[in-house]
Amino acid sequence: MSLKERIQHVEEMIMAACDRSGRNREDVTVIAVTKYVSAEMTSSVLNSGIIHLGENRPGVAVPKWEALGGQGVWHFIGHLQSRKVKDVVGKFQYIHSLDRFSLAQELDKRAATADTVVNAFLQVNISGEASKQGVAPEEAETLLREVDQLAHLKIIGLMTMAPEEEDPEDTRPVFRGLRMLRDELNAKGVTAEPLTELSMGMSGDFEVAIEEGATWVRLGTLLIGKGDEM
Ligand SMILES: *Cc1c(COP(=O)(O)O)cnc(C)c1O
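Every value quoted in this text rests on a predicted model; they were computed, and no experiment measured them.

Asker: Where do I start with the site of the ligand in this structure?
Answerer: Around the ligand, a shell composed of Val 33, Lys 35, Tyr 36, Ile 77, Met 159, Met 161, Met 202, Ser 203, Arg 218, Leu 219, Gly 220 and Thr 221 is seen. Between the ligand and Lys 35 there is a distance of 2.7 Å, counted from an oxygen atom to a side-chain nitrogen or oxygen. In this structure, an oxygen atom belonging to the ligand sits 2.5 Å away from a side-chain N or O atom of Ser 203. Alone, the ligand offers 380 Å² of accessible surface; in the complex the protein occludes 90% of this. The class makeup of the residues in the shell around the ligand is 7 nonpolar, 3 polar and 2 charged.

Below, the structure written as structure tokens:
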């Protein structure tokens, strides 16, 4: 399939998931995860009309950002080391992997220097798998109360990754768990502004994630492919 055909195919799947769950298509935004492909292919993605790009390694993403002259809206979706923060602030408008206060402080400091505000998702390990990043659900409230005080970091929602399952249906409790946690935190008024966003769903499970309330889906393999073939 060509890139155009893949985008169309994914679009149909998203619309069907929205229909099944009574959601509006406009409430779900696709992030094209371009971590597997070159700057040239990433440029084709932008030319196809997708503006949100996801990358998970600063060493790969920053040269790509530079090659593309900063076109698009960049989302950092991987584990972020504090010493790499200076490389991504000013280029990435969204960080999906906030998982500790020291990282929040560093993001806030660098964003202040760059006179910008970084949008962030708190990454939560709903499944409890040892291999997954993110804070435990019961730690989310305390961390959110702390990071909400930082002027150059805007916490907009929660992010999670589900375990790989043969049957995507088995991921549903994880996505539902993230939505319920967000609703609980909002009901308690933990952050000054309610958390509106849920970053959840990848190639294998995004339809279930949309049914459970995802507002951002992060799609690599299915949408972009794993190599530069188009
Ligand atoms: C790679 C990656 C994705 C995309 O995964 P696919 O299964 O290729 O769609 C989404 N989110 C994160 C955090 C990733 O690292």
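Asker: What's the story with the pairing of strand β6 (residues 153-159) in this structure? I'm lost.
Answerer: Two faces make up the sheet, and in a regular strand the side chains alternate between them. Here β6 lies mainly inside the structure; 6 of its 7 residues are buried. Where strand β5 (residues 118-123) meets β6, 6 bridges bridge the pair, whose relative direction is parallel. Each bridged residue has a counterpart across the sheet, and for Leu 122 the counterpart in β6 is Leu 158. Note that β6 and strand β7 (residues 197-199) share 3 bridges and pair parallel. Counted as the bridge partner of Met 159 is Ser 199 from β7. One crossover worth recording links β6 to the parallel β7 by way of helix α7 (residues 172-187), and it is right-handed.

Asker: In this structure, what is going on with the environment of Lys 86? I would like to understand it.
Answerer: Assignment of secondary structure puts Lys 86 in helix α4 (residues 85-88). Separated by 31 residues in the primary sequence, Lys 86 and Glu 55 place their C-alpha atoms 16 Å from one another. Within the structure, Lys 86 has its side chain in polar contact with the backbone oxygen of Arg 83 (distance 3.1 Å).

Asker: What is the right way to read the UniProt feature "domain: Alanine racemase N-terminal" (unreviewed entry) in the protein chain from this model?
Answerer: Summarizing the sequence annotation, UniProt attributes the feature "domain: Alanine racemase N-terminal" (unreviewed entry) to residues 77-225 in the numbering used throughout. Between the end C-alpha atoms of residues 77-225 the distance is 17 Å, and the span holds 34% helix and 18% strand.

Asker: Help me understand the pattern of salt bridges in this model?
Answerer: If charged atoms from side chains of opposite charge come close, those side chains can pair. All chains considered together, the criterion is met by 15 salt bridges. Residues Lys 64 and Glu 55 are paired through a salt bridge, measuring 2.7 Å at the closest nitrogen-oxygen approach. The exposure class assigned to Lys 64 is buried, which follows from its relative accessible area of 6%. A network of salt bridges, in which partner residues are shared, links Arg 20, Glu 169, Arg 172, Arg 176, Arg 179, Glu 211 and Glu 212.

Each value, and the rule that gives it
Residues numbered from 1 in each chain as written. Predicted model: local features only at pLDDT ≥ 70, side-chain atom pairs only at ≥ 80, totals over all residues. Heavy atoms only, no water. Near = heavy atom within 4 Å. Polar contact = N/O pair within 3.5 Å; in protein donor to acceptor, adjacent residues only side chain to side chain. Areas by Shrake-Rupley, 256 points an atom, 1.4 Å probe, with all protein chains shown as cover. Nonpolar A, V, L, I, M, F, W, Y, C, P; charged D, E, K, R; others polar. Buried < 20%, exposed > 50% of the residue type's maximum accessible area, 1.4 Å probe, protein only. Helix = DSSP H or I, 4+ residues; strand = E, 2+ residues; numbered from the N terminus. Pairing = 2+ DSSP bridges. Right-handed = clockwise from strand over helix to strand, strands pointing away. UniProt positions renumbered as here; feature names shortened; annotations may be inferred. Salt bridge = Lys/Arg side-chain N within 4 Å of Asp/Glu carboxyl O.

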